[in-house]
Amino acid sequence: MDVHYTWIGPPPADRNRDINGAKALAARCAGQSVKIYFWCLDAQVATYERDFAAHKNVTVRGMQAFLKTAGTKSYRWYYWYQESDDWAVAAMKDILDWGLANGTPASYRAFVKDAWSLFLMYTWGGYVLDAGVGPHGGGAFVLPEPTAFMAPSLTRDDALSIRRFQFSRLAGWQAQGDVTLNDSRADEVCEAMHYGAADEGDAEMCPQLEVWMLGSPRYSKGAWAALKQYCVVWKEMQQNNELVSVTAPQVFRYLIAGSVYNGLTRTAKGAVQAPHGSFWYCTDNKDGTVDVPDLKLRKTYHGSSAH
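Source: prediction; values computed, not measured. (Residues numbered from 1 in each chain as written. Predicted model: local features only at pLDDT ≥ 70, side-chain atom pairs only at ≥ 80, totals over all residues. Heavy atoms only, no water.)

> Lay out the overall build of the chain with the relevant residues and their values.
When helices and strands are tallied, the chain shows nine helices and 14 strands. Relative to the 2.2 N^0.38 estimate, which gives 19 Å for 307 residues, the radius of gyration of the chain is 18 Å and therefore close to what a compact globule would have. Taken along the three principal axes of its C-alpha coordinates, the chain extends 55 × 40 × 40 Å. The buried share of the chain, reckoned over its 307 residues, is 54%. Considering only contacts within the chain whose residues lie at least 6 apart along the sequence, 74% involve residues at least 24 apart. Within the structure as shown, the chain displays about 13200 Å² of accessible surface, and the carbon and sulfur contribution to it stands at 50%. (Helix = DSSP H or I, 4+ residues; strand = E, 2+ residues; numbered from the N terminus. Rg over C-alpha atoms; globule rule 2.2 N^0.38 Å. Buried < 20%, exposed > 50% of the residue type's maximum accessible area, 1.4 Å probe, protein only. Contact = heavy atoms within 4.5 Å. Areas by Shrake-Rupley, 256 points an atom, 1.4 Å probe, with all protein chains shown as cover.)

> Residues and numbers for the nonpolar core, please.
Core analysis: the biggest nonpolar cluster contains 69 residues, and Trp116, Leu118, Phe119, Phe149, Phe167, Phe252 and Val260 have the highest contact counts within it. In terms of residues, this core owes the most to one element, helix α8 (residues 221-239), which gives 10 residues. Setting aside residues no more than four positions away along its own chain, Val260 makes contact with Leu118, Phe149, Ala151, Leu209, Val211, Leu214 and Ala226. (Core = buried A, V, L, I, M, F, W, Y, C linked by side-chain atoms within 4.5 Å.)

> Tell me about the pairing of strand β13 (residues 289-292), and name the residues and values.
Burial along β13 is two-sided: the residues Thr289 and Asp291 and Val290 and Val292 are all buried. As paired elements, strand β12 (residues 283-284) and β13 share two bridges and run antiparallel to each other. Each bridged residue has a counterpart across the sheet, and for Thr283 the counterpart in β13 is Asp291. The hairpin turn running from β12 into β13, its antiparallel successor, is four residues long, and Lys286 in that turn takes a positive phi close to 60°. Relative to strand β14 (residues 297-300), β13 runs antiparallel, the two being bridged by four bridges. By the bridge assignment, Thr289 is partnered in β14 with Thr300. (Pairing = 2+ DSSP bridges.)

> Tell me about the sheet that holds strand β8 (residues 179-182), and please be specific about residues and values.
Pairing is antiparallel in the open sheet, where three strands are placed in the order β8-β7-β9. Strands at the two margins of the open sheet, each flanked by one partner only, are β8 and β9 (202-206). Averaged over all neighbouring strand pairs, the angle between strand axes comes to 35°, with direction disregarded. Pairing geometry for strand β7 (residues 160-165) and β9, over five bridges, is antiparallel. Bridge pairing in β9 places Arg164 opposite Asp202. Its contacts with the sheet place helix α9 (residues 248-264) against β7, β8 and β9, and it is angled at close to 130° to β8. (Axes fitted to C-alpha atoms, helices over the stretch in contact; angles between N-to-C directions.)

> So what's going on with the state of the cysteines? Residues and values would help.
By the definition in use, this model includes zero disulfides. You can see Cys29 has no disulfide; the closest cysteine sulfur is in Cys282, sitting 18 Å from it. Look at Cys29 and you get buried, because its relative accessible area is 1%. (Disulfide = S-S within 2.5 Å.)

> So what about the environment of Glu204? Which residues, and what values?
Inspection of the secondary structure puts Glu204 in strand β9. In this view, Glu204 contacts Leu160, Ser161, Ile162, Arg164, Tyr261 and Thr265; residues no more than four positions away in its chain are not counted. At 2.6 Å, the side chain of Glu204 forms a polar contact with the side chain of Arg164. Side-chain polar atoms of Glu204 contact the side chain of Tyr261, separated by 2.6 Å. (Polar contact = N/O pair within 3.5 Å; in protein donor to acceptor, adjacent residues only side chain to side chain.)

> Can you lay out the pattern of salt bridges for me, pointing to particular residues and giving the numbers?
Summed over the entire model, instances satisfying the criterion amount to 14 salt bridges. Notably, a salt bridge pairs Lys113 with Asp130, separated by 2.7 Å at the nearest N-O pair. With Lys113 in helix α6 (residues 109-123) and Asp130 in the loop between β4 (126-129) and β5 (133-135), this pair connects stretches of sequence that are 17 residues apart. According to the relative accessible area criterion, Lys113 is buried, its value standing at 6%. Between Lys299 and Asp130 there is a salt bridge, with the nearest N and O atoms lying 3.6 Å from each other. Of this pair, Lys299 sits in strand β14 while Asp130 is found in the loop between β4 and β5, placing the two residues 169 residues apart along the sequence. Neither residue differs from the other here; Lys299 and Asp130 are each classed as buried. A network of salt bridges, in which partner residues are shared, links Arg164, Asp178, Glu204 and Arg266. (Salt bridge = Lys/Arg side-chain N within 4 Å of Asp/Glu carboxyl O.)

Next comes the structure, spelled out in structure tokens:
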């Protein structure tokens, strides 16, 4: 079973922000059938390999090198995704290249990591954890294999109104399937796409979801729905030169939350369901930490895992 951490950029001075959570999990899972992958830019692979040299259950992988390999015919023949569309690798490469471009603020790499997390959930599966997530508490520690696309929630009660609709004015694969966005913010996202007002749709209620941790089986319909929605909106923003602006960061936050919600509502066959069984319900300790009791994990807020 695979667990993924990601850091985009050079190592920070405070190692709590990039590797200490992964190291703690590696120590706790030693001897178990858990493989931890630490993803970074190709230029930092050697540095992180030295950092994790004592942890044999951690493999450091370069993001650019993996994307290059994933686009080859031999990789696709052996591993290729179950969906008929094969644009996912190209889309992710475009997003990563944009995040590393000189004209893109370094803080935007957090949004690249959001897309990368969805990409890993679909193409690889397992768990994606922010750098500040690690084991917490005593006793036996076992991470169960995810059986559905899942995310954390800070509430059990419904707190958000989500609109489910279709991009009826787009064409081709971008118009296929439905999308979900915060009902009061859907127009803002569509405006950033130069799409016009969001289409009418159905309102759904859900708890307050978080995106600092995700779980999914490989090739799940939920992970695919989330990844596809993120890429569709990102591509429209790119084509209309709206990726970097005063309002873009907030649009990306609405986008990742809406995309994850779309994934949470998908059954194994792709139908729509209520999302409540797809959450890990968490405890906010009100001290900069959040516990996931079912998994004995704790999220500690240190700052973005992209820098």
